[in-house]
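Coordinates in review
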Amino acid sequence: MDMCRASDRPDDAGAGAGLLQLVEEDGTPASAPRRVDDLAAEAAQTTGFRAAESPRWLWPSTADVYPALVRAGATVARVHDLELTEGLLLGSAGQWGAPRSL
């Protein structure tokens, strides 16, 4: 498993709660998403445990997710930020500044 998918969507119960899912290199789920009460603490534990593997993370917005991870002592070496990716793709398609779907 090479990637961890994280979400801190506002509809998740509790402040700091979120969803965490491991996925394979090709993006297929390796497990079902599981709700965690403290996404930052869980990510810090996962990052520490798997640091040698240097997992890639996927999340909706670094601005929304990463500050809590840093406060919990977690650092992430590789991440796919969907909000930034969508902005780049819109700009490439000549639609810079267009409303985003995320």
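Calculation criteria
- Residues numbered from 1 in each chain as written.
- Predicted model: local features only at pLDDT ≥ 70, side-chain atom pairs only at ≥ 80, totals over all residues.
- Heavy atoms only, no water.
- Helix = DSSP H or I, 4+ residues; strand = E, 2+ residues; numbered from the N terminus.
- Buried < 20%, exposed > 50% of the residue type's maximum accessible area, 1.4 Å probe, protein only.
- Contact = heavy atoms within 4.5 Å.
- Areas by Shrake-Rupley, 256 points an atom, 1.4 Å probe, with all protein chains shown as cover.
- Core = buried A, V, L, I, M, F, W, Y, C linked by side-chain atoms within 4.5 Å.
- Arc of directions from axis to C-beta.
- Polar contact = N/O pair within 3.5 Å; in protein donor to acceptor, adjacent residues only side chain to side chain.

Helix and strand content of the chain: three helices and five strands. If you list the helices and strands of the chain from N to C, you get β-β-β-α-β-α-β-α. A burial count over the chain gives 33% of its 102 residues as buried. Here the contacts in the chain between residues at least 6 apart in sequence split such that 33% fall between residues at least 24 apart. Of the accessible surface of the chain, which amounts to about 6200 Å², a share of 57% is contributed by carbon and sulfur atoms.

One finds Leu20, Val36, Leu39, Ala40, Ala43, Trp57, Trp59, Val65, Leu69, Ala74 and Val76 forming the largest nonpolar core, which totals eleven residues. For this core, the elements supplying multiple residues, two or more each, are helix H1 (39-49), strand S4 (56-59) and helix H2 (62-71).

With that settled, consider helix H3 (residues 82-92). Looking at H3, one finds that the buried residues are Glu86, Gly87 and Leu90. The arc enclosing the buried residues of H3, seen along the axis, measures out at 100°, which places them on a common side. Across from the buried face of H3, at angles greater than 90 degrees, the exposed residues are Leu84, Leu88, Leu89 and Ser92. For H3, the side-chain oxygen to backbone nitrogen distance between the N-cap and Glu83 is 2.9 Å, and the N-cap itself is Asp81. Backbone geometry just downstream of H3 places Gly94 in the positive-phi region, at approximately 80°.

Now for the environment of Glu83. On the secondary structure map, Glu83 appears in helix H3. Under the relative-accessibility criterion, Glu83 is labelled partly exposed at 29%. As for Glu83 and Arg100, which are separated by 17 residues in sequence, their C-alpha atoms are 7.9 Å apart. Here Ser61 takes part through its side chain, which lies 3.0 Å from a polar atom of the side chain of Glu83.

Bringing the side chain of Gln21 into the picture now. Examined against the element boundaries, Gln21 turns out to sit in strand S2 (residues 18-23). Of the residues examined, Gln21 reaches a relative accessible area of 8% and is grouped as buried. A polar contact is formed between the side chain of Gln21 and the backbone oxygen of Ser31, at a distance of 2.8 Å.

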